[in-house]
Amino acid sequence: GYGIWLDNNASGNSVINNTIKTTGSYGYGMYLSGSSRNLFNNNTITTTSATSAYGVYLSSASYDNTFRNSRINGSASVPIYVDTNKVNGSFIDSTLFSSGSVNHTDTGTSLSAGSSLIFLNMSFNKSRIQIRDADFVLTNQYYFNTNVTYNNNPFADAWVNTSYNNGTQAFSQMTAANGFITTQNVTEYIQNQTGTYYLTPYNLSVTKTGYAETYRNSSVNFTDNLQVNVPFEKGGENGTSGCSVLS
């Protein structure tokens, strides 16, 4: 049987702090069929049977579902499986497991336009994603922040500007009194049925009205959560002083 099953009469729920373990060839850990706008937080899911015992199965127009702080172990099956009509959602600060070469995410072939998943700060095997439907897109993201200083002091009201590797602007944020911007969700790549398309490395520049210094053409490669430290007084090309992984 299923660990948790939400159908089209069950939307807008919060499912929190559960440990779920299933057996059987269709023992889905969580099965959403037409269920939307749910929050799943701090759940541990383990399925222990054959290849169809998905950890999380999203189907039949299930949309705007959010999974946070989840540990999803499909064992011999796929941790996340998506199929049927329009399905979308987000998986945040979570980990996917499966044994051997089993995919970490897989789709069926009967999805509708607009079907997508966003992964933010996810631990998973990027080489084990299978997208079988042209209407599905996976976006992989990380957290990013910038610490701008001037003579080792926080530097407020400086503009941090970034653009994708194709030159399109990603975001522009002003630093606060502590020298930091609001933490951003940045996209490493977008994957669909035809391939994987990287937006990183980003180009980063920092400017402030009334100051001659500027940082420009600093290439930042996003493959993990990242903080970039900018000593603004040094100015010039490629001026970031170092990068550190955000915890």
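Residues numbered from 1 in each chain as written. Predicted model: local features only at pLDDT ≥ 70, side-chain atom pairs only at ≥ 80, totals over all residues. Heavy atoms only, no water.

(A) Structural detail: the overall build of the protein. Looking only at helices and strands, the protein has 0 helices and 26 strands in total. Principal-axis analysis of the C-alpha atoms places the extent of the protein at approximately 65 × 35 × 35 Å. Evaluated residue by residue, the protein yields a buried proportion of 48% over its 247 residues. Taking as baseline every contact in the protein between residues at least 6 positions apart, the subset at least 24 positions apart corresponds to 65%. Per element, the accessible surface of the protein, about 10,800 Å² overall, is 44% carbon and sulfur. Each charge class in the protein was averaged separately, 11 positive and 13 negative side chains, and the resulting centres sit 5 Å apart. (Helix = DSSP H or I, 4+ residues; strand = E, 2+ residues; numbered from the N terminus. Buried < 20%, exposed > 50% of the residue type's maximum accessible area, 1.4 Å probe, protein only. Contact = heavy atoms within 4.5 Å. Areas by Shrake-Rupley, 256 points an atom, 1.4 Å probe, with all protein chains shown as cover. Lys, Arg positive; Asp, Glu negative; His and termini not counted. Charge placed at Lys NZ, Arg CZ, Asp CG, Glu CD.)

(B) Spatial organisation of the packing of aromatic side chains. With the rule as written, the count across this model stands at 27 aromatic pairs. Between F119 and F124 the ring centres are 5.1 Å apart and the planes differ by 80 degrees, which places this aromatic pair in the edge-to-face class. When sorted by exposure, F119 lands in the same class as F124, which is buried. Taking the centre distance of 6.4 Å and the plane angle of 40 degrees together, the rings of Y150 and F232 count as tilted. With Y150 in strand β16 (residues 136–150) and F232 in the loop between β24 (226–231) and β25 (236–237), this residue pair connects regions lying 82 residues apart in the sequence. (Phe/Tyr/Trp six-rings, centres within 6.5 Å; stacked < 30°, edge-to-face > 60°.)

(C) Just the sheet that holds strand β3 (residues 19–22), in detail. Taken in spatial order, the 4 strands of this open sheet run β3-β6-β9-β12, and their pairing is parallel. Where the open sheet ends on each side, the last strands, each with one partner, are β3 and β12 (95–97). Taking each pair of neighbouring strands and ignoring which way they run, the sheet shows an average axis angle of 5 degrees. Taken together, the 3 bridges between strand β6 (residues 44–47) and strand β9 (residues 71–73) define a ladder with parallel strand orientation. In the sheet register, I45 faces β9, and the bridge partner there is I72. (Pairing = 2+ DSSP bridges. Axes fitted to C-alpha atoms, helices over the stretch in contact; angles between N-to-C directions.)

(D) View of the pattern of salt bridges. Scanning the entire structure with this criterion turns up 2 salt bridges. Ionic pairing is found between R132 and D106, a salt bridge with its closest N-O pair at 2.8 Å. A residue pair is termed long-range when its members are at least 10 positions apart, and R132 in the loop between β15 (129–130) and β16 and D106 in strand β13 (residues 105–107) qualify at 26 residues. Under the relative-accessibility criterion, R132 is labelled partly exposed at 38%. K126 is paired through a salt bridge with E188; the nearest N and O atoms lie 2.8 Å apart. You can see K126 sitting in the loop between β14 (115–120) and β15 and its partner E188 sitting in strand β20 (residues 184–192), a full 62 residues away along the chain. (Salt bridge = Lys/Arg side-chain N within 4 Å of Asp/Glu carboxyl O.)

(E) The arrangement of the pairing of strand β7 (residues 56–59) in detail. Side chains V56 and L58 of β7 all project onto a buried face; the interleaved residues Y57 and S59 project onto the opposite face, where all are buried too. As judged from the 4 bridges shared by strand β4 (residues 30–33) and β7, these two strands associate in the parallel manner. By the bridge assignment, Y31 is partnered in β7 with Y57. As defined by bridge partners, β7 adjoins strand β10 (residues 80–83) across 4 bridges and the pair is classed as parallel. Considered in β10, the bridge of S59 is made with D83.

(F) Molecular detail of unusual backbone geometry. Between T200 and the following residue, P201, the backbone shows a cis peptide bond with an omega angle of 5 degrees. Structurally, P201 can be placed in the loop between β21 (195–198) and β22 (202–207). Despite not being glycine, N42 has its phi angle at roughly 60 degrees, a positive value. Take N42: it is sitting in the loop between β5 (39–41) and β6. For N42, a relative accessible area of 32% gives the class partly exposed. Even without glycine at this site, N152 takes up a positive phi of about 70 degrees. As for its position among the elements, N152 is in the loop between β16 and β17 (153–154).

(G) Spatial organisation of the pairing of β4. Because side chains alternate across β4, one face comprises the buried residues M30 and L32, and the other comprises Y31 and S33, equally buried. For strand β1 (residues 4–6) and β4, the ladder comprises 3 bridges, and the chain directions are parallel. The residue of β4 that forms the bridge with L6 is L32.

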